[in-house]
Amino acid sequence: MDLLALADFNLVARHGGFGKAARASGRPKATLSRRVGELEAALDLRLFERGARMLKLTQEGRALFERTATLLTELNETAAAIASGGEKPKGRLRISAPLLFSQTAMGKIAAGFALKYPEVRLEITTEDRAVDMIEEGYDLVIRVNPTPDESLVGRIFLHDRLVVVVSPALVHPTGDVATPAVVRGAGDSAIEWEIVATAGRTRIAVEPVLRLSSLVMVRDAVRAGVGAARLPVSLVAHDIAAGTLVHMGDVEASDIGLWALYPSRQLLSARVSAFLEYLRESFPKGAPEELAAFISDETSRL
């Protein structure tokens, strides 16, 4: 298989059209169209449904894109790392990271990276909003379950999931009485939660009694016995193991992915390549238990 043609196919699929892909990459639209056509002929498959004003992946095209996009990203990152192998990481590196990840792990990661690469001037901004990387001058952003963005590429480096927990001191309501709940933000208006417990799927009627803007605040309120809450398992794994919180069940279909993203038009600098590699070293399996270990370390110091 022609890797260059495959890369062009991924470029068009990611941007949703030949015109957008051409503008983003600076390559001729006709060249991209020809290369994708050659790939389709080589595979004897139609990868796109072409309409007068739309371009849509076929089922086979979607499968090829999902299976090769990450591999190509890895190849690009590896090539960039090799190409910059003689270049020592140095200079300014600006990163935007979400609040919870910053509170629980980013301090330790940043310190370790700074000690390993003392010539890099690392700057980390903590915020949950989707920053504009190019306009605001960021080299890398960390986002939770990001929406597709044609201008960014990257990878998942960590997985997590939501669980429902409650203090063992809380008296569980019976019958039709709703369970008091601590929720994040004013937008959570759920009146019941569906969870997967040992006995199978079940629904819990809930009544929000406290609304807080931070998941760390939510956890602390649950510890105090105010109510139940849906929280990342990494944040409460230590409490569950210690018995200070009771695990009622997993929230169904609540996979959380933390992505490291950077501009697709930007060749990876030695600084960005080094930080991506440091994330891989920090979370080699990408499992929630690894993040929980960071949080447990911080808890043990309190």
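Structural notes, computed from the coordinates.

**Considering the sheet that holds strand β6 (residues 152-160)**
Read from one edge of the open sheet, 5 strands run β4-β3-β5-β13-β6, paired in mixed fashion. Each edge of the open sheet is held by one strand with a lone partner, namely β4 (120-126) and β6. Averaged over all adjacent pairs, the angle separating strand axes in this sheet is 20°, with direction ignored. Contacts between helix α9 (residues 270-282) and the sheet are confined to β3 (91-97), β4, β5 (140-144), β6 and β13 (256-263), with β3 contributing the most and set at about 50° to the helix.

**As for the packing of helix α5 (residues 99-116) against α9**
Two quantities define a packed helix pair, namely the angle between the helix axes and the distance between the axes. Viewed as axis vectors pointing N to C, α5 and α9 meet at an angle of 125°, and their least axial separation amounts to 11 Å. The angle between α5 and α9 falls in the class oblique. Between α5 and α9 lies a crossing whose hand is right-handed. Where α5 abuts α9, its residues M106, I109, G112, F113 and K116 lie against R271, A274, F275, Y278, L279, E281 and S282. Per-class residue counts for the contact of α5 with α9 are 7 nonpolar, 2 polar and 3 charged.

**Here we look at the pattern of salt bridges**
With the rule as written, the count across this model stands at 20 salt bridges. Note that D2 and R35 form a salt bridge whose closest N and O atoms lie 3.3 Å from each other. Taken together, the residues span a long stretch of sequence, with D2 in the segment before α1 (3-15) and R35 in helix α3 (residues 29-43) at a distance of 33 residues. With a shortest N-O distance of 3.4 Å, D220 and R223 are connected by a salt bridge. Note that D220 and R223 are positioned in helix α7 (residues 215-223) at a spacing of 3 residues, about one turn of the helix. Salt bridges sharing partners connect three or more residues here, namely D2, D8, R27 and R35.

**Section: the pairing of β4**
The sheet contact formed by β3 and β4 spans 7 bridges and is parallel. Bridging across to β4, R92 finds its partner in R121. The handedness of the β3 to β4 crossover, carried by α5, is right-handed.

**Brief notes about helix α8 (residues 233-242)**
Helical geometry: 3.6 residues make up each α-helical turn, so side chains three or four residues apart lie on a common side. Among the residues of α8, V233, S234, L235, V236 and D239 are the ones counted as buried. At the C-terminal side of α8, G243 shows a positive phi close to 85°.

**Comments concerning unusual backbone geometry**
Located in the positive-phi region is N145, a residue other than glycine, with phi close to 40°. Within the secondary structure, N145 sits in the loop between β5 and β6. In this structure N145 comes out as partly exposed when scored by relative accessible area, which is 42%.

**Some words on the nonpolar core**
F101, I109, F157 and F275 are the most contacted members of the largest nonpolar core, which has 45 residues in total. Beyond its immediate stretch of four places on either side in the chain, F101 contacts M106, I109, I142, F157, L158, L258, F283 and L291. Core analysis: the second largest hydrophobic core is formed by 18 residues, A5, V12, L39 and L47 among them.

Conventions used here
- Every chain's residues receive numbers from 1 upward, in the order its sequence appears when written.
- Reporting of local features is limited, given that this is a predicted model, to residues whose pLDDT is at least 70; pairs of side-chain atoms are given and counted only at 80 or more, and all residues count toward the totals for whole chains, interfaces and linings.
- To get the side-chain values, take all heavy atoms of the structure and skip hydrogens and water.
- Note on pairing: DSSP must find at least two bridges between two strands before they are called paired.
- By definition, any uninterrupted DSSP run of H or I lasting at least four residues is a helix, any uninterrupted run of E lasting at least two residues is a strand, and each is numbered from the N terminus.
- Fitted lines through C-alpha atoms give the axes, limited to the stretch in contact for helices. The angle between two N-to-C directions lies from 0 to 180 degrees.
- The contact criterion used throughout is that any non-hydrogen atoms of two residues lie within 4.5 Å.
- For classification, angles of less than 35 degrees are called roughly parallel, those exceeding 145 degrees roughly antiparallel, those between 65 and 115 degrees roughly perpendicular, and all remaining angles oblique.
- What makes a crossing left-handed is the near helix being turned counterclockwise from the far one by less than a right angle; a clockwise turn instead makes it right-handed.
- In this classification, the charged set is Asp, Glu, Lys and Arg, the nonpolar set is Ala, Val, Leu, Ile, Met, Phe, Trp, Tyr, Cys and Pro, and all remaining amino acids, among them Gly, are polar.
- By salt bridge we mean one thing: a side-chain nitrogen of Lys or Arg within 4 Å of a carboxyl oxygen of Asp or Glu.
- Call a crossover right-handed when, viewed with both strands pointing away from you, the route from the first strand across the helix to the second goes clockwise.
- Each residue is assigned to one of three classes by its accessible area relative to the maximum for its type, calculated with a 1.4 Å probe on protein chains only: buried under 20%, partly exposed between the two thresholds, exposed over 50%.
- Grouping buried Ala, Val, Leu, Ile, Met, Phe, Trp, Tyr and Cys residues that are joined through side-chain atoms within 4.5 Å yields what is termed a nonpolar core.

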